[in-house]
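Chain by chain, the residues:
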Amino acid sequence: MAMRLLVVNDDGNFIQKWFAKDSIPSYAILSHRWSINEDDEITFKEIAEGIYDKRKSGYRKLQFCSVQAKVDGLYYFWVDTCCINQSDQNELSVAIYSMFRWYQKAVKCYVYLVDVSTRKRKAMDSFSEYSWEPAFQSSEWFSRGWTLQELLAPEKVEFYTRDSVRLGDKSSLEQQIAEITDIPIEVLQGQSLSQFTPKEIFSWVERQYTKKAEDKAYCLLGVFNVSMLLYYGEGERIAFSRLYREIENCVPSVDIIANLVQKANGLFIWAATACRFIGGPFAKEQIGMILAGEIDAKSPEGHLNHLYTSVLQSSIPQEYNEKFKQKLYSLLRNILGSIAVLLSPLSINSLSAILKEERVGVAIKELHAIIDIPKDQNQQLRLHHPSFRDFLLSKDRCGDFWVDEKKAHQILATSCIQLMSETLKKDICGMHAPGSQASQVRSSRLQKCLPPEVQYACLYWVQHLQRSGSQAYDSEDAHQFLQAHLLHWLEALGWMGKTSEGIQAILSLEAHVLVNESPNLYTFIYDAKRFALYNRLAIEQTPLQLYCSALVFAPEKSIVRERFEKCIPTWIEGKPRVQTYWSAALQTLEGHSSYVNSVAFSPDGKQVVSGSNDETVRLWDAVTGAALQTLEGHSDGVNSVAFSSDGNLLPTLRVSDYWVAEGEANILWLPPDYRSTCEAIWDQTIVLGHSSGRLLFLQFRQGPKLVVYN
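To start, this report covers the structure provided alongside it. (Residues numbered from 1 in each chain as written. Predicted model: local features only at pLDDT ≥ 70, side-chain atom pairs only at ≥ 80, totals over all residues. Heavy atoms only, no water.)

## Regarding the overall build of the chain
Working step 1: A tally of regular secondary structure across the chain gives 30 helices and 19 strands.
Working step 2: For the chain, the proportion of its 710 residues judged to be buried stands at 48%.
Working step 3: The contacts in the chain between residues at least 6 apart in sequence include a share of 58% that link residues at least 24 apart.
Working step 4: As presented, the chain carries roughly 36200 Å² of accessible surface, and 50% of it is formed by carbon and sulfur atoms. (Helix = DSSP H or I, 4+ residues; strand = E, 2+ residues; numbered from the N terminus. Buried < 20%, exposed > 50% of the residue type's maximum accessible area, 1.4 Å probe, protein only. Contact = heavy atoms within 4.5 Å. Areas by Shrake-Rupley, 256 points an atom, 1.4 Å probe, with all protein chains shown as cover.)

What follows is the structure, given as structure tokens:
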């Protein structure tokens, strides 16, 4: 179904764009509660005319959605207030029919909770604080009738406060959501609604409300995949009565259901695949094939094996001679093998570009029963169920279509290296200025200069090489690529915001290559690791400094410097004298604006925490040096930081304004005689030094600090 999307133009204004159903691009979608005063929302007409009030609360929703979509690499987004012409009854009806599908096809759904905040607000007694959990549980968003489809339809649902702070997603918050909505956790995890009766599903919206009484029934049309005319004014009871009739009319005959259940042998994925397989002009023949016993076996897995085999064989035209059939078998194995082992989904066009195979779309067009194949070839391909991947990779189960997993990874690794070698270049985004910030590159420009297939290759070529089980040797593909394109690769990762992933890939490659068998490649990778770690911050923020600062200040004997010295701009005529070799210091983590008073490793050694006089605590990735989190709010310098034994950050103890404080909470007031002139903190112990010469030791137990009635 065609739809209208929002996009930010070059002037920073929101505009609407209409897309036919076969050309809808990737998009994000917003789920929210309309303001009580609808005048606070930005309307369809206001966007269409380009005149809207940025002071409205509805504008903040649009701003949030556009910014978050850009962070997630999405150019377009959908918001109901601005993308549906509410004054056109026909368009409104079509939108209600299409809504479930629109949410289902969205790459991400952002739930904007206007009545939830993470900002801590001091109460009158200064001891109690505001927490987002109670507000989340009582949020009015959960009381809407439309919430059910907006929770269930999208694969990825993320929850944000009115301050644009991410609280979690449908998976991480599933327990709380289930308790609030009475929707079973299994349904939130993706279990098919066919396992539940209409009465059970109706119960999930029984206590919900909609502004229009009939919408309480209409909001379930997509959930039940039925359609009916909308009659506003008929009332809730009649609307539900008509909905019941539509649901009953969609149910197959009892005999067909009974036979399918028997054939499925308790394996729901068999029934789901069979239902997708049945369709088109040969539906009757396909049902006959299943029910006549041509797809049969003794075990549920055997049933599934035969069904998958039948679907695959049906895509091979029987009128072809044996030679052409074998060519098609080989083509399908290569394409399906790549889809099965991809580390992130790709579109038909992107997979075609990586494999250099123009026939991907044609080869898989009849496999809609096992692959979700969008009509837009720029949309991502997805397997309907992971059991098909298991089937393809098992020689005993798959037969002629068996995919050698290691060979499939090798094909992708080689293809990725070749694609990057042909595509990557210096200043690939055409920014020219050496101080250009990565944040200056718009998502649309990034997608044009570094299309999805190139971004995929940059991120995953090393993992495919590792999983192929084959070694990388001196002077072979991987070595030649790094010698020619190391800086181009790191630059691309910088523009993509994936520098840390690139460093991790270099570390993985170092561990994969055998020094005795490939000494030159190993030495190059080691030097590349030191080069990338030392310049991580510059690559992340200003990628073009790879050719300037990173090379100019690299040690004289650095292999990377010697290899790429010709890339240094000619306007740098005099170069400083630098050290001969890399020093013992692996990397410098920058971010604090004052003295660092305390640092600590997590128990697993993967993270480092630091506390500083700049009144912040920072969490770092110990391997890549990436800044993971900054904790602000301290009113004084942080003198001690630590992890608990389970790897969680412990609240920091400190002395501030005559109080001993833990994190943001004051826990112990110090009388005048006990106020310190200096203090030292270790773990949960504080030593207070006094002008009298006395030392006072205080020790606290970990956990909540409460005053309770015994």
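## Comments concerning the environment of Ala106
Working step 1: Positionally, Ala106 belongs in the loop between helix H4 (89-105) and strand S5 (108-113).
Working step 2: The class for Ala106 is buried, based on a relative accessible area of 6%.
Working step 3: Remark: the alpha-carbon pair of Ala106 and Lys156, spanning 50 residues in sequence, is separated by 8.4 Å.
Working step 4: Those residues in contact with Ala106 that sit more than four places away from it in its chain are Tyr27 and Ile29.

## Here's the deal with the sheet that holds strand S17 (residues 678-682)
Working step 1: Strand order in the open sheet formed by three strands is S17-S18-S19, with antiparallel pairing between adjacent strands. If you trace the sheet from one side to the other, it starts and ends with S17 and strand S19 (695-699), each paired once. Direction aside, the axes of adjacent strands within the sheet are offset by 15° on average.
Working step 2: Sheet analysis places strand S18 (residues 685-689) next to S19, joined by five bridges and oriented antiparallel. Along S19, the bridge assignment pairs Val687 with Phe697. (Pairing = 2+ DSSP bridges. Axes fitted to C-alpha atoms, helices over the stretch in contact; angles between N-to-C directions.)

## Some thoughts on the side chain of Ser139
Working step 1: Within the secondary structure, Ser139 sits in the loop between helix H5 (132-137) and helix H6 (147-152).
Working step 2: For Ser139, the residues in contact, after removing those within four places along its chain, are Leu113, Asp115 and Val116.

## Here we look at the pattern of salt bridges
Working step 1: For the coordinates displayed, the defined rule picks out 21 salt bridges.
Working step 2: With a closest N to O distance of 3.4 Å, Glu140 and Arg33 form a salt bridge. Of this pair, Glu140 sits in the loop between H5 and H6 while Arg33 sits in the loop between strand S3 (27-32) and helix H1 (44-49), placing them 107 residues apart in sequence.
Working step 3: Arg33 gets classed as buried once you look at its relative accessible area, which sits at 15%.
Working step 4: A salt bridge links Lys61 to Glu41; the shortest N-O distance between them is 2.7 Å. Note that Lys61 is positioned in helix H2 (residues 57-71) and Glu41 in the loop between S3 and H1, a separation of 20 residues in sequence. When sorted by exposure, Lys61 lands in the same class as Glu41, which is buried.
Working step 5: Each member of the salt-bridge network shares a partner with another, and the members are Asp72, Lys108, Glu158, Arg166 and Asp169. (Salt bridge = Lys/Arg side-chain N within 4 Å of Asp/Glu carboxyl O.)

## What to know about the packing of aromatic side chains
Working step 1: By the definition in use, this model includes 30 aromatic pairs.
Working step 2: Between Phe14 and Tyr59, the ring centres sit 5.8 Å apart and the planes meet at 65°, which makes this aromatic pair edge-to-face. With Phe14 in strand S2 (residues 14-19) and Tyr59 in helix H2, the pair connects residues that are 45 residues apart, well separated along the chain. You'll find Phe14 and Tyr59 in the same group, each marked buried.
Working step 3: Pairing Phe136 with Phe142 gives two aromatic rings, centres 5.2 Å apart and planes at 85°, and the pair type is edge-to-face. We note that Phe136, like Phe142, is buried.
Working step 4: By way of ring pairs, the aromatic residues Trp132, Phe136, Trp141, Phe142 and Phe159 are connected into one cluster. (Phe/Tyr/Trp six-rings, centres within 6.5 Å; stacked < 30°, edge-to-face > 60°.)

## Examining the nonpolar core
Working step 1: Within the largest apolar cluster, 98 residues are counted, with the highest numbers of intra-cluster contacts made by Leu424, Trp461, Leu482, Trp489, Leu490, Trp495 and Phe531.
Working step 2: No other element matches helix H25 (residues 477-496), which puts eleven residues into this core.
Working step 3: With sequence-adjacent residues up to four places away left out, Phe531 is seen in contact with Leu487, Leu490, Leu546, Ala550, Leu551, Ala554, Val560 and Trp582.
Working step 4: With 82 residues, the next largest nonpolar core counts Leu30, Val187, Leu221 and Leu243 among its residues. (Core = buried A, V, L, I, M, F, W, Y, C linked by side-chain atoms within 4.5 Å.)

## Looking at helix H24 (residues 452-467)
Working step 1: The first and last C-alpha atoms of H24 sit 22 Å apart over 16 residues, in line with the 22 Å expected at 1.5 Å per residue.
Working step 2: Those residues of H24 not exposed but buried are Glu453, Val454, Gln455, Tyr456, Ala457, Cys458, Tyr460, Trp461, Val462, His464 and Leu465.
Working step 3: In this structure, the buried residues of H24 make contact with helix H17 (322-341), helix H18 (348-355), helix H22 (405-423), helix H23 (443-449), H25 and helix H26 (499-512).
Working step 4: Of the residues one or two after H24, Gly469 is the one with positive phi, at around 80°. (Expected span 1.5 Å × (residues − 1).)

## Quick word on the sheet that holds strand S12 (residues 617-621)
Working step 1: On the basis of which strands lie adjacent, the open sheet formed by four strands has the order S10-S11-S12-S13 and antiparallel pairing. The sheet is open, and its two edges are formed by strand S10 (596-601) and strand S13 (627-631), each paired on a single side. Ignoring which end each strand starts from, the neighbouring axes of this sheet average 15° apart.
Working step 2: As defined by bridge partners, S12 adjoins S13 across four bridges and the pair is classed as antiparallel. Along S13, the bridge assignment pairs Val617 with Leu631.

## Looking at the environment of Glu246
Working step 1: Within the secondary structure, Glu246 sits in helix H12 (residues 236-249).
Working step 2: With 20 residues separating them in the primary sequence, Glu246 and Val226 have C-alpha atoms 6.5 Å apart.
Working step 3: Contacts of Glu246, omitting those with residues within four sequence positions, involve Val226, Ser227 and Met228.

## Quick look at the pairing of strand S15 (residues 659-662)
Working step 1: Because side chains alternate across S15, one face comprises the buried residues Trp659 and Ala661, and the other comprises Val660 and Glu662, equally buried.
Working step 2: In the sheet, strand S14 (residues 653-656) pairs with S15 via four bridges, with the strands oriented antiparallel. What sits directly across from Leu653, in S15, is Glu662.
Working step 3: Hairpin connection between S14 and S15: a loop of two residues separates the two successive antiparallel strands, and Asp657 in this loop has a positive phi of roughly 50°.
Working step 4: Here S15 runs beside strand S16 (residues 665-669); their pairing, made up of four bridges, is antiparallel. From the neighbouring strand, Val660 faces S16, where its bridge partner is Leu668.

## Here's the deal with unusual backbone geometry
Working step 1: Even without being a glycine, Asn225 presents a positive backbone phi close to 55°.
Working step 2: Relative to the helices and strands, Asn225 resides in the loop between helix H11 (221-224) and H12.
Working step 3: Phi is positive for His432, which is not a glycine, with a value near 70°.

## Notes on the packing of H26 against helix H27 (residues 519-534)
Working step 1: Running from amino to carboxyl end, H26 crosses H27 at an angle of 155°, the nearest separation of the two axes being 9 Å. Taken as axis vectors, H26 and H27 run roughly antiparallel relative to one another. Remark: the crossing between H26 and H27 carries left-handed chirality. Residues Ile503, Ile506, Leu507, Leu509 and Glu510 of H26 form the contact with H27, whose participating residues are Tyr522, Ile525, Tyr526, Ala528, Lys529, Ala532 and Leu533.
Working step 2: Taken together, the residues that form the contact of H26 with H27 break down as ten nonpolar, no polar and two charged. (Parallel < 35°, antiparallel > 145°, perpendicular 65-115°, else oblique. Left-handed = near helix turned anticlockwise from the far one by under 90°. Nonpolar A, V, L, I, M, F, W, Y, C, P; charged D, E, K, R; others polar.)

## Here we look at the environment of Phe202
Working step 1: Among the structural elements, Phe202 can be located in helix H9 (residues 198-203).
Working step 2: Note on Phe202: relative accessible area 9%, which makes it buried.
Working step 3: Distance in space between the C-alpha atoms of Phe202 and Phe240 is 9.7 Å, their sequence separation being 38 residues.
Working step 4: Once residues lying within four places of it in the same chain are set aside, the contact partners of Phe202 are Leu220, Phe224, Phe240, Leu243, Tyr244 and Ile247.

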